[in-house]
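For reference, the chains in residue letters:
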Amino acid sequence: MSEELNTGIPTDSEVILGILNNSESVLKRLYIAYFPMVLQLIINNNGDGDDAKDVYQEAIIILYNKVKTGDFELSSKLKTYIYSICRRLWLKRLSQMNRYGGDIKDFQEYLTVDDETEKNNERDIQFNKMGDALKLLGEPCKTIIEDFYINNRSMKEICEDFGYTNADNAKTQKYKCLQRLKKLFFQQK
Amino acid sequence: MSDNQLLEQIEKYLSGEMTRDERARFEILRNENAEINSKVTEHKHFTGLIKQYGERLELEKRLNAIHDEIDVHALEDELMIQPSFIVRLWRNHHSKISVAASIAIFAALCTMFFTGYLNNRGGNYVQLSEKINKIGAKTDQLGRTVKSLNPQHAGDLNPGNFRGTGFAISSNGYIVTDNHVIKDADSVYVQSSDGKSYKAKVIYSEPATDIAVLEITDASFKTLGVLPYSFKKAETDIGESVFTLGYPRDAMVLGPGYLTASTGFNGTNTDSTAYQVSIPVNFGNSGGPLLDNRVDIIGIINAKQTHVEGAAFAIKSNYLLKAIQDIPVDSLKKPINTNNKNALATLSRVQQIKKLQNFVFMVKVYNQ
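Everything numeric in this text was worked out from a predicted model, so none of it was measured.

Conventions and cut-offs
Residues numbered from 1 in each chain as written. Chains lettered and ligands numbered in written order. Predicted model: local features only at pLDDT ≥ 70, side-chain atom pairs only at ≥ 80, totals over all residues. Helix = DSSP H or I, 4+ residues; strand = E, 2+ residues; numbered from the N terminus. Buried ≥ 20, exposed ≤ 12 C-beta atoms within 10 Å, placed from the backbone. Contact = placed C-beta atoms within 7 Å. Nonpolar A, V, L, I, M, F, W, Y, C, P; charged D, E, K, R; others polar. Axes fitted to C-alpha atoms, helices over the stretch in contact; angles between N-to-C directions. Parallel < 35°, antiparallel > 145°, perpendicular 65-115°, else oblique. Pairing = 2+ DSSP bridges. Core = buried A, V, L, I, M, F, W, Y, C linked by C-beta atoms within 7 Å. pLDDT = per-residue confidence, 0-100. Arc of directions from axis to C-beta.

1. Brief notes about the overall build of chain A
Of the regular secondary structure elements, chain A holds nine helices and zero strands. The burial tally for chain A puts 29% of its 189 residues in the buried class. Across chain A, contacts joining residues at least 24 apart in sequence account for 64% of those joining residues at least 6 apart.

What follows is the structure, encoded as structure tokens:
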């Protein structure tokens, strides 16, 4: 891929492939390409730069998850899709803050995308629950779980890091940690 | 197999670290034992959640890193739509502007109202003539003030005309009124409700009860016809709804009200010859008949003695009957035949008054 292509707005299929391949550069180009559009929408409709950042990142995460789970079907331009998601998310926030005056100034054409933001809402809740549960779990359990299940490190490496004398001890520890994490996770409302 | 070992097996199974044999054996176990099977799915789901959490965290970190490279402020300045000055002013301050505008309109209307701008102004001529009239009136007022300030002129004042009310006590022209109405009269005229004036003469007066009897002496007077009302001899009770007809001004005025006390009050003493009534009366009402609902005469209004706000007094009718009997026979040219029959009791108030008005007179008194 030439250098020139790497800096411009990525094509829609480039983005999808890039997400699937965890491409850092595509993600960056995608982010930079459409952020101004979303910023324009938010700051001209009672929001500020931070609101724009939150909404835009949430939209990117929705897109990301959808592509990763394989049920993404692009029925319009990616630009329109992202704009629609952000518009929907921002309307929701405005009405939550009681700042929604009944009309919104639009800068792009958009689609109705209700259920996708709803689905993402569930993911959000689980994400927050997991974050809280891990926080409550405390050290060293948190690190053990993160290392093993998220960073895919082997029990042997973890064993060495924590100075366990044998792998069995470490395994027992990890087992206990996982049980506690489950408890904490499901206890939350 | 302990839970711990089972978990290890499950993890091995899920990560594909098992040998073929082990895997086959575990799958059989999984198929046979539903508990183990559900544990496998549960574990898979939960570790999936942990993984998702990690990925999301990672993604957010990446996005934040990208975001930090963007100059948001510069973009914001570039993308912010700057509405025109007026629009911005209105958006930021529209509530204040609305309040200010309504106050301004209100103030303007008030000013216009109080300065008379909203009144229809006739031309300047009208205003000027009004002014001249006012000045004339003021001069008159001044003259009067000067006169009243000079006590030696008091006797020179022309007392002018008095007016009261009277009503017929017989069909042949005897009329009763208050003594204070005709007191010091040089000449007395009575005027019927249709506007005809007749000369009358005082034939009897009783200052103690404030009753006076007039006789119409005018040649043009014909008989009045049968009296529609009778005179009540018994006392009337408090609370009875009563009314009077009189001439407080040029036209006959109905005064409805209630009998509020069985005695009168003349400033210091209770006066058993009178009723107190709650009827709006004026000086011109003096001498008018006080009638109850059955249109019996129960008294004569003598408003002049009233010193109490909102109350009037009426001489009781039995004193009137006594006064009629006391009239010296030699001053009567014709007999007085008071009526005992009441012809109006069942009529409506409007009909009653239509019949009554021919028997109620304005008493005009002239003295020099």
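Resuming the write-up.
2. Side note on the overall build of chain B
Each helix and strand counted, chain B has nine helices and 15 strands in total. Evaluated residue by residue, chain B yields a buried proportion of 26% over its 368 residues. In chain B, of all internal contacts separated by at least 6 residues, the share reaching a separation of at least 24 is 62%.

3. What about the interface of chain B and chain A?
Counting residues at the interface gives 24 residues for chain B and 28 residues for chain A. Listed by contribution, the elements that provide at least two residues to the side of chain B that touches chain A are α1 (3-15), α3 (34-69) and α4 (72-79) of chain B. The dominant element in the side of chain B that touches chain A, judged by the number of residues it contributes, is α3 of chain B, at 14 residues. Looking at the side of chain B that touches chain A, its residues break down into 14 nonpolar, four polar and six charged.

4. Topic: the packing of helix α7 (residues 141-150) of chain A against helix α9 (residues 167-187) of chain A
Residue and element names in this part refer to chain A. The geometry of α7 relative to α9 is characterised by a closest axis approach of 9 Å and an angle of 100° between their N-to-C directions. Relative to α9, the element α7 is oriented roughly perpendicular. Contact residues: Cys141, Ile144, Ile145 and Phe148 in α7; Gln173, Lys174, Cys177, Leu178, Arg180 and Leu181 in α9. Across the contact of α7 with α9, the residue classes break down as seven nonpolar, one polar and two charged.

5. Here's the deal with the packing of helix α8 (residues 155-162) of chain A against α9 of chain A
Residues and elements named next belong to chain A. Direction vectors running N to C along α8 and α9 enclose 95°, while the axes themselves pass 9 Å from each other. Taken as axis vectors, α8 and α9 run roughly perpendicular relative to one another. Across the interface between the two elements, Met155, Lys156, Ile158, Cys159 and Phe162 from α8 touch Ala167, Ala170 and Lys171 from α9. Taken together, the residues of the contact of α8 with α9 sort by class into six nonpolar, no polar and two charged.

6. Examining the pairing of strand β3 (residues 187-191) of chain B
All names here are of chain B. Side-chain alternation along β3 places Val188 and Val190 on a buried face and Ser187, Tyr189 and Gln191 on a face that remains uncovered. Pairing geometry for β3 and strand β15 (residues 360-366), over five bridges, is antiparallel. From the neighbouring strand, Gln191 faces β15, where its bridge partner is Met362. As paired elements, β3 and strand β4 (residues 197-206) share four bridges and run antiparallel to each other.

7. Looking at the nonpolar core
Formed by 52 residues in total, the largest nonpolar core has its most connected members in Ile175 and Ala314 of chain B. Ranked by size, the runner-up nonpolar core spans 29 residues in total, among them Leu30, Phe35, Val38 and Cys86 of chain A.

8. Focus: the confidence of the model for chain B
Put simply, chain B has an average pLDDT of 80, and 86% of its residues get 70 or more. Note that residues 150-160 of chain B has pLDDT below 50 and, in this model, two contacts with residues that lie over four places away or in other chains.

9. A closer look at the pairing of β4 of chain B
All names here are of chain B. Following β3, the chain reverses through five residues before pairing antiparallel with β4; Gly195 in that reversal takes a positive phi of roughly 100°. Pairing analysis gives six bridges linking β4 to strand β5 (residues 211-216), with the strands arranged antiparallel. Its bridge partner being in β5, Ser205 is matched across the sheet by Ala212.

10. Focus on the environment of Gly70 of chain A
By the secondary structure assignment, Gly70 of chain A is in the loop between α4 (49-69) and α5 (78-96). Among the residues examined, Gly70 of chain A registers 8 C-beta atoms within 10 Å and is labelled exposed.

11. Focus on unusual backbone geometry
Across the junction of Glu139 of chain A and Pro140 of chain A, the peptide omega takes the value 0°, indicating a cis bond. Structurally, the position occupied by Pro140 of chain A is in the loop between α6 (114-137) and α7. The backbone phi angle of Asn46 of chain A is positive, close to 70°, even though this residue is not glycine. Looking at where Asn46 of chain A falls in the secondary structure, it is placed in the loop between α3 (24-43) and α4. On the basis of neighbour counts, which here come to 16 C-beta atoms within 10 Å, the residue Asn46 of chain A falls in the partly exposed class. Within the chain, Asp210 of chain B stands out as a residue other than glycine whose phi angle is a positive 60°. Relative to the helices and strands, Asp210 of chain B resides in the loop between β4 and β5. Residue classification places Asp210 of chain B among the buried positions, given that 25 C-beta atoms sit within 10 Å.

12. Here's the deal with the confidence of the model for chain A
Residues and elements named next belong to chain A. Here chain A averages 80 in pLDDT, and 93% of its residues register 70 or above. Across chain A, α5 holds the top mean pLDDT of 87, while helix α1 (residues 3-7) sits lowest at 49. pLDDT under 50 marks residues 1-5. Its contacts with residues more than four places away, or in other chains, come to one contact.

13. Focus on the environment of Phe107 of chain A
All names here are of chain A. If you trace the backbone, Phe107 turns up in the loop between α5 and α6. For Phe107, a count of 15 C-beta atoms within 10 Å translates into the label partly exposed. Taking the C-alpha atoms as reference, Phe107 lies 9.1 Å from Tyr83; in sequence the two are 24 residues apart.

14. Looking at helix α8 (residues 317-326) of chain B
Residue and element names in this part refer to chain B. Those residues of α8 that sit buried are Ser317, Leu320 and Ala323. Axial view of α8: buried residues confined to an arc of 110°, hence all on one face. Exposed residues pointing more than 90 degrees away from the buried face of α8 are listed as Gln325 and Asp326.

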